[in-house]
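Summary of structural features
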Amino acid sequence: MLIARSEAVQAEAVPDVVLKTMLPFDCIRDGKTRFGIVTIPPGARIPVKGLAPHDEDEYSILVKGTMVTTIGEVEHRIQAGDSTLIPAGEAHAVFNDGEEECILVWALVRRS
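About the criteria used
- Residues numbered from 1 in each chain as written.
- Predicted model: local features only at pLDDT ≥ 70, side-chain atom pairs only at ≥ 80, totals over all residues.
- Heavy atoms only, no water.
- Phe/Tyr/Trp six-rings, centres within 6.5 Å; stacked < 30°, edge-to-face > 60°.
- Lys NZ or Arg CZ within 6 Å of the ring centre and 35° of its normal.
- pLDDT = per-residue confidence, 0-100.
- Helix = DSSP H or I, 4+ residues; strand = E, 2+ residues; numbered from the N terminus.
- 1 Å grid on protein atoms, 1.4 Å probe; cavity = no way out; pocket = protein on both sides within 12 Å on 5 of 7 lines; lining within 4 Å.
- Points joined across faces, edges and corners; volume = space filled by probe spheres on them.
- Nonpolar A, V, L, I, M, F, W, Y, C, P; charged D, E, K, R; others polar.
- Pairing = 2+ DSSP bridges.
- Axes fitted to C-alpha atoms, helices over the stretch in contact; angles between N-to-C directions.
- Contact = heavy atoms within 4.5 Å.

What follows is about the packing of aromatic side chains. Evaluation of the coordinates by the stated rule reveals 0 aromatic pairs. Geometry around F25 places R110 over its ring, the cationic atom sitting 3.7 Å from the centre.

Once that is clear, we can look at the confidence of the model for the protein. For the protein, the average pLDDT comes to 94, and 100% of its residues sit at 70 or higher. Predicted confidence in the protein is weakest over strand β1 (residues 18-23), with a mean pLDDT of 94, and strongest over strand β4 (residues 57-64), with 98.

With that settled, the discussion passes to the layout of surface pockets. Of the volumes computed, that of the largest pocket is approximately 380 Å³. As for the largest pocket, its lining consists of 16 residues, of which L19, I46, H54, E58 and H92 are closest to the centre. Sorting the residues of the lining of the largest pocket by element identifies β2 (33-40), β8 (92-95) and β9 (102-109) as the ones contributing at least two each. A class-by-class count of the residues in the lining of the largest pocket yields 11 nonpolar, 2 polar and 3 charged.

A separate point is empty space enclosed by the protein. This structure, assessed with the given rule, holds 1 cavity of 30 Å³ or more. Size it by volume and the largest cavity reaches roughly 50 Å³. Listed by contribution, the elements that provide at least two residues to the lining of the largest cavity are β4, β5 (66-71), β7 (83-86) and β8.

Okay, the sheet that holds β4 next. Overall, antiparallel pairing links the 5 strands, which are arranged β1-β2-β9-β4-β7 in an open sheet. Bordering the open sheet on either side are β1 and β7, each of which pairs with just one other strand. Taking each pair of neighbouring strands and ignoring which way they run, the sheet shows an average axis angle of 20 degrees.

Right, let's get into the environment of L2. Position of L2 among the secondary structure elements: in the segment before β1. Taking the C-alpha atoms as reference points, L2 and A107, 105 residues apart in sequence, are found 16 Å from one another. Look past the residues within four positions of L2 in its chain and what remains in contact with it is L23 and C27.

Right, here's the structure in full:
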C-alpha cells in the first residue's frame with residue numbers, strides 16, 4: 001500500500017491554482033494512472049488561455065463548487081458530485097466562474 005499525504009506533496013507550478021499529483025505514473029512499475037487533486041479559486045482558469053489536450057483519458061469528480069468545462073466550442077456546467085470523462089486528445093479547459101473555490105479530484109489513465 002502506498003499513502004500520499006497532501007501536506008507532503010508539493011504543488012505544481014500552475015498560475016492561480018493548487019495542483020498536486022498525489023500518485024504519479026511511476027509510483028508502481030508499468031503504471032498507467034496518474035492521480036491528483038486541484039483547488040481552483042474563483043475566477044481561475046486551467047489552462048490560463050485556450051484549450052489543452054492530454055495523451056491520456058481524464059476522469060474527474062468535482063468535490064466542491066461549480067464550474068464551466070469547455071470541450072472544443074461547447075461549454076458544460078458541472079457541480080459538486082458530478083463526474084466527467086474527457087477522452088485522450090480532446091482539447092478542454094475549466095473555469096471557476098463561481099464565488100467559492102472548486103476542488104476537483106482527477107485521474108489520467110493511459111489506454112495501453
